[in-house]
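Residue-level structural notes
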Amino acid sequence: MDQQAQQAARGWARLSEDAALRSRWGERVRTLNAALNALIQFDPESREQQWQRPAGDLEHASPPSRLTGLPFVVKDNIAVADYGLTCGSNLLRHLQSPYTATAVARLQRAGSRVVGKANLDEFGMGSSSQHSAFGGVVNPWDAGVVAGGSSGGSAVAVAAGMVPFALGSDTGGSVRQPASFCGVYGLKPTYGAVSRFGLVAYASSLDVIGIVADGAELARAVFEVMRGVDEWDQSSIEVAPDDARAGGSDATPDAAPTVGIPRSALSDLDPAVAEALALCESRLQEIGCKTVNVELATLEYVAPAYYVIATAEASANLARFDGIRYGNRSSQVAGAAEELVLGSRSAGFGQEVKTRILVGTYVLRAGFQEQYYQRAQRIRTLVRRDVDRALERCQLLLLPTYPVPPFKVGGGGLDEFQQKQVDAYTCVANLSGHPALAFPVTISDGLPIGMQLMAPPFAEDRLFSIAGRLERKWPVQRAPGALTMDDLVPAEG
Amino acid sequence: MLTENLTTATDSSNRSNRADGRAVSLTDVELTTTAEMARLRLADGERSSLRAAIEQILGYFDQMQDIDVSEVEPTSHPAVTASNPRLHPAPLRQDRAVDSAARWRSAETGALVQRATETEEGFIITPHVF
Amino acid sequence: MTVAIPSSWVTHVGLEIHVQLLTNSKVFCACRNSYGDPANSNVCPVCLGYPGVLPALNQEAATKAYLIADALESSLSPEVSFERKNYFYPDLPKNYQISQYAVPLGSGGRFTFECDGDEKTLRIREVHLEEDAGKMIHVADVSLLDYNRAGTPLVEVVTQPDLRSGEQAEQFLIAFRSLVRYLGVCDGNLDEGSLRCDANVSVSGSESELGTKVEVKNLNSFKFVRAAINFEASRQAEELATGNSVRSETRLWNENRDVTESMRVKETDSDYRYFPEPDLPPYPLADEFFAAVKQRSVELPLARRRRFTAAYSLGARQAAFLTAEPDTARFFEACVERGADAGAVARWLAGEVQRLLHQRHETLTSSSLTPARLTELLSLIESGEINGKIAKQVLAATLATDRDPRLVVEQEGLKPVTDTEALEAVLEEVIAAHPQVQAQLARDDNKPVGFLVGQVMQRTQGQADPAAIHSLINARMARVQQR
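Residues numbered from 1 in each chain as written. Chains lettered and ligands numbered in written order. Predicted model: local features only at pLDDT ≥ 70, side-chain atom pairs only at ≥ 80, totals over all residues.

Residues three or four positions apart in an α-helix share a direction because the helix packs 3.6 residues into each turn. Burial within helix α5 (residues 152-159) of chain A is extensive, with eight of its eight residues counted as buried. Gly152(A), Gly153(A), Ser154(A), Ala155(A), Val156(A), Ala157(A), Val158(A) and Ala159(A) are the residues of α5(A) that are buried. (Buried ≥ 20, exposed ≤ 12 C-beta atoms within 10 Å, placed from the backbone. Helix = DSSP H or I, 4+ residues; strand = E, 2+ residues; numbered from the N terminus.)

Looking now at the domain arrangement of chain C. Residue and element names in this part refer to chain C. Assigned domains within chain C: domain 1 (10-293), domain 2 (299-412) and domain 3 (420-482). Look at where the C-alpha atoms of domain 2 and domain 3 centre, and you get two points 34 Å apart. In this complex, domain 2 contributes four residues to the contact, which on the side of domain 3 involves four residues. Taken together, the residues of the side of domain 2 that touches domain 3 break down into one nonpolar, two polar and one charged. (Domains from an automatic or database assignment. Contact = placed C-beta atoms within 7 Å. Nonpolar A, V, L, I, M, F, W, Y, C, P; charged D, E, K, R; others polar.)

Either a parallel or an antiparallel arrangement is found when strands of a sheet pair, and the pairing is made through backbone hydrogen bonds. Residues and elements named next belong to chain A. Strands sit in the order β1-β3-β2-β4-β6-β5-β11-β12-β10-β8-β9 across an open sheet of eleven strands; the sheet is mixed. Each edge of the open sheet is held by one strand with a lone partner, namely β1 (39-42) and β9 (290-293). When strand polarity is set aside, the average angle formed by the axes of neighbouring strands in this sheet is 30°. As paired elements, strand β10 (residues 396-400) and strand β12 (residues 447-454) share four bridges and run antiparallel to each other. (Pairing = 2+ DSSP bridges. Axes fitted to C-alpha atoms, helices over the stretch in contact; angles between N-to-C directions.)

Quick look at the interface of chain C and chain A now. Much of the literature gives interface size as the accessible area that the parts lose upon coming together. On the chain A side, the residues contacting the 25 residues of chain C number 34 residues. Across the side of chain C that touches chain A, the residue classes break down as 15 nonpolar, five polar and five charged.

This part takes up the sheet that holds strand β4 (residues 83-86) of chain C. Residues and elements named next belong to chain C. In spatial order, the strands read β5-β4-β16; together these three strands make up an open sheet with antiparallel pairing. Taken across any chain shown, the strands that pair with only one partner, and hence form the sheet edges, are β5 (96-99) and β16 (275-276). Bridging between β4 and β16 involves two bridges; their strand directions are antiparallel. For glutamate 83, the partnering residue across the bridge sits in β16 and is proline 276.

Attention now moves to the interface of chain B and chain A. Each partner contributes to the interface: chain B provides 58 residues, whereas chain A provides 71 residues. For the side of chain B that touches chain A, the elements supplying multiple residues, two or more each, are α1 (2-5), α2 (28-37), α3 (44-61), β1 (87-89) and β3 (123-127) of chain B. When its residues are assigned to classes, the side of chain B that touches chain A shows 33 nonpolar, 18 polar and seven charged. Both strand β7 (residues 237-239) of chain A and β1(B) contribute to a ladder of three bridges, which runs antiparallel. Residue pairing for β1(B): Ile237(A) is matched across the bridge by Pro89(B).

Once that is clear, we can look at the nonpolar core. Membership of the largest hydrophobic core comes to 273 residues, with the highest contact counts inside it found for Tyr185(A), Val222(A) and Ile68(C). Top element by residues in this core is helix α9 (residues 299-317) of chain A. It accounts for 13 residues. In this structure, Tyr185(A) is in contact with Ala179(A), Val212(A), Ala213(A), Gly215(A), Ala216(A), Ala219(A), Leu437(A), Ala438(A), Phe439(A) and Ala467(A), ignoring residues within four places of it in sequence. With 28 residues, the next largest nonpolar core counts Phe308(C), Cys335(C), Leu378(C) and Ile390(C) among its residues. (Core = buried A, V, L, I, M, F, W, Y, C linked by C-beta atoms within 7 Å.)

With that settled, consider the packing of helix α5 (residues 301-312) of chain C against helix α6 (residues 316-324) of chain C. When two helices pack together, their arrangement is given by the angle between the helix axes and the distance between those axes. Residue and element names in this part refer to chain C. Remark: α5 packs on α6, axes separated minimally by 9 Å, with the N-to-C direction vectors making an angle of 135°. The orientation of α5 relative to α6 falls into the category oblique. Crossing of α5 over α6 shows right-handed handedness. For the pair α5 and α6, contact is made by Pro301, Arg304, Arg305, Phe308 and Thr309 and by Ala316, Ala319, Ala320, Leu322 and Thr323, respectively. Looking at the contact of α5 with α6 residue by residue, the class counts come to six nonpolar, two polar and two charged. (Parallel < 35°, antiparallel > 145°, perpendicular 65-115°, else oblique. Left-handed = near helix turned anticlockwise from the far one by under 90°.)

What follows is about the environment of Phe224(C). All names here are of chain C. Structurally, phenylalanine 224 is set in helix α3 (residues 222-241). For phenylalanine 224 and asparagine 200, which are 24 residues apart along the polypeptide, the C-alpha to C-alpha distance reads 14 Å. The contact partners of phenylalanine 224, leaving out residues within four places of it in the chain, are Leu219, Trp253 and Glu255.

Before going further, it helps to spend a moment on helix α7 (residues 326-337) of chain C. All names here are of chain C. Along its twelve residues, α7 runs 16 Å from first to last C-alpha, staying within 8% of the 16 Å computed at 1.5 Å per residue. Those residues of α7 that sit buried are Ala329, Phe331, Phe332 and Cys335. Along α7, the residues classed as buried sweep out an arc of 165° about the axis, all on the same side. Elements in contact with the buried residues of α7: α5, α6, α8 (342-359) and α9 (371-382). (Expected span 1.5 Å × (residues − 1). Arc of directions from axis to C-beta.)

As a further point, take unusual backbone geometry. A cis amide bond, omega 10°, links Gly149(A) with the succeeding residue Ser150(A). In this fold, Ser150(A) is placed in the loop between β3 (113-118) and α5. With a phi close to 50°, Asp116(C) is a non-glycine residue in the positive phi region. Take Asp116(C): it is sitting in the loop between β7 (110-115) and β8 (118-131). The class for Asp116(C) is exposed, based on 11 C-beta atoms found within 10 Å. Residues other than glycine seldom take positive phi values, yet Ser313(C) does so here, at roughly 50°. Topologically, Ser313(C) is positioned in the loop between α5 and α6.

Bringing the confidence of the model for chain A into the picture now. Residues and elements named next belong to chain A. With 90% of its residues at a pLDDT of at least 70, chain A reaches an overall mean of 90. Contacts from residues 54-61, a stretch scored under 50 in pLDDT, to residues over four places away or in other chains number 14 contacts. Note on residues 243-251: pLDDT under 50 across the span, and 15 contacts to partners over four residues away in sequence or across chains. (pLDDT = per-residue confidence, 0-100.)

A few words now on the pairing of strand β15 (residues 259-262) of chain C. Working note: regular strand, side chains alternate between the two faces of the sheet. Residues and elements named next belong to chain C. Where strand β14 (residues 250-254) meets β15, four bridges bridge the pair, whose relative direction is antiparallel. Paired with leucine 252 across the strands is glutamate 261, a residue of β15. In this structure, the hairpin formed by β14 and β15 is closed by a connection of four residues, where aspartate 258 is found at a positive phi of approximately 60°.

Here the focus is the packing of helix α7 (residues 216-226) of chain A against helix α15 (residues 460-473) of chain A. Residues and elements named next belong to chain A. Viewed as axis vectors pointing N to C, α7 and α15 meet at an angle of 160°, and their least axial separation amounts to 8 Å. Relative to α15, the element α7 lies roughly antiparallel. Crossing angle aside, the handedness with which α7 passes α15 is left-handed. Taken together, the residues of α15 that come into contact with α7 (itself represented by Ala216, Glu217, Ala219, Arg220 and Phe223) are Glu460, Phe464, Ala467, Gly468 and Glu471.

So, about the confidence of the model for chain C. In this model, chain C carries an average pLDDT of 90, and 97% of its residues clear a pLDDT of 70 or more. Reported confidences for the modelled complex are a pTM of 0.87 and an ipTM of 0.93.

Structure (structure tokens):
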């Protein structure tokens, strides 16, 4: 691990030992959050005792690690016991989670501390983080543009320096797109690499828990702790040790993989994004990578297929929210239980969620399922084949995270429908199950532009290695006003 | 440029973003039936905007008809372990019971059932179900 | 009130049986699978449908489900896969049920059972695994929800419409209940709901043609199954006879009024929008799994009945009694293995043993009677040490005091009186007391023999051996003749 990263880690780890530092940090986070609204919940003081515990004393002791003492926030659709689990929704506004997600528990056992819950688009549905019952998330680079979504809160918390890393969820790009909109790193792991137990399901066959981090090496360290089969998630996968490292050309730090770029599928890029892509390509070449052209002919069908599958699964996943067993019960109940269910759901869900539930219900209906749902799942097979075929000619794929820079908040930006249309670049990896890492490339007109690399299943290692090398050679610019540990630590020489 | 090619929500004459402008229209009955299936009550004020949004999205889905999918099977589960000998699915769960009272009624996590808004003698209550 | 169906009509009945499996934990979570506990005491975030939870399939539930399918001779699916059945109901925590649809774990199959004194083979359409819903109790203007049962493993067995009457359905269910108890997968208690049944009934003019199907629900006992099916069949026949058509619908059996009644079901509620369960990828079952299923499969009731009849020369009713419960069959064979006469064991088990167990509210396994003890009792009878009447006393004492029969006989002084001299003395006493008997004997009239035996038995508290008394009387008569 390089010196810069080590220094940063030491800084954060000092929070455990230094109550005064912790207090100053907490104050600064609150101030930042008042402006950015990245966190729905932040109260490290009420859990003061967790800082006193030695690292890894939760359940099974772990030896001190890279993650010892690091604070992190968790997107509010991932369960942490005794924290809220609002999912950005009125319906779950007062829900306290009785259990902790497996992935979070593993990080806690490794010595990291949950300090807050991050804001999000309601139930993970959105690309802006403007669809929250708790108000929109503000982008620290420019309050006039969106933070991206749905893990906007997680991305902003890291970008603004509140915490070094955060957990989010990525169903169609919800970790990667906000990470790129906020100038930080966002990992979407291989489907099945990280347990989903504790992630409130939006689309079960597309969802993964992802990582937002301020550096590639930290993202790697977090991933290594979180990953692994879980008996409580039967869609999780056990990987025999041989495959945990991609092997081959990654064995040496100077290895230079071949990177494929699906140029013919990227016809609609905003000039700033096209420029960033070219810049990224030249940097890769500079560190010794060869770049080749690959085909991704099915890219134009990715977004519609994604939305059919996602809304269909969501319509079933959100059916459980009826106010009966937990959550906000409609108070205007007279008469039958049916009224309670209708009332709770109709008052509890926002417009975007309702729209998606209705679309999803429709595409599963008898008579419609074949032309919508079945067809989308077949397109999914073709997309996966396409990606696998492309990865036969190279070790990594490079493509933009998003075709346009962070768009404006409200009118003047992309409307809901347009936002769906441009999700294709991130949705690919969700449909196919491949891992992808979004990383910062450049700043254009004061706004961050990021790119993403995709790798074969379970080859996340490759992503971190290349992104790490790029990071060391071309350090990433921090968001304006971002907090750093250096700010908080009094000059000691 | 992409943003110029995108269909806007306000552009009602262009319901799908296909060149031939094939539109999908959702009848009142279909919307009501779908909403009933999803247990969503649509207020008068939101009916038309929801309908418009849904129609636009369904129209967009029509693009999927252009590609030939006759030779392929649907993918319901993206993680494929069969083709790679180093990948194994999670093992099936052993049949061991965990005492719920001990696990979920501790002072720390609170009684699960008490989170429901209305309970009585351990039962969760709703208005009469017909 | 049912009207007998004219013989021109044929009733077609198919059943959907739900079997609640006996497992330690629920099918998708680790909550205890148990009946009768306080409301909502066996629940967790998974079976309550909390946000973020996932189902984890219970291996034992899968094994037991395949055991049933295998016993019904179904084709077994090499992968176990699930689908979501989507509908809203307060007793369904996720508002979808994890079930099977396109690929059930068992398809096709058949079941042969004793029916109307003969054997009937019923075709099975499919066997699948799913999770049960919770329980709702309606009280005044509220409904009370108890989710203890939510997530219990259920196997649904769907038959083809091969049954022809309520009686046949009842006999099938009795045999099916026996099967699941034999397999050890379910306790078969209709009143506790561990075995539930819906019927699909139609009436038509011929064997080969099916009529319009009506689903009949709320059948909580074998008796109601029979009555409801017969009522529904005659109701449909009446409709058709008067020129109306039968509406395809769901009807509920009203046990108070003895009729089936229409149940209003919304059209929107019957589109279940099935799609593959994304949280449970198709699980490839290893050879070891199927080997374990085969190993745990048992000789089924009917096969055992046939074997018993042949091997032990038993009558049909005896064989039926012995094989109705696996415990009885095991007990029987254990006795025979110890050398007891099969016929005698069968008679005693079906007769006196059953009577006493019933009186004492015990079962074979919970009582003090063991195969060793019954065998011992029977050998005491066979050797003449005790007679049948005493044996009954000994049996009762064995059950009541947990002692071996031989010990009972010794300790209670129940040994028969075999002392010929003593017996002769008693015999002479009886004859002397009854001069007309004396005269009859002198004339070589053996009419009073039975009377004499009875009297001697009485005076010896039943401990005399009737055969010995007979010999003495014969010998005496011979001597008299010789004079």
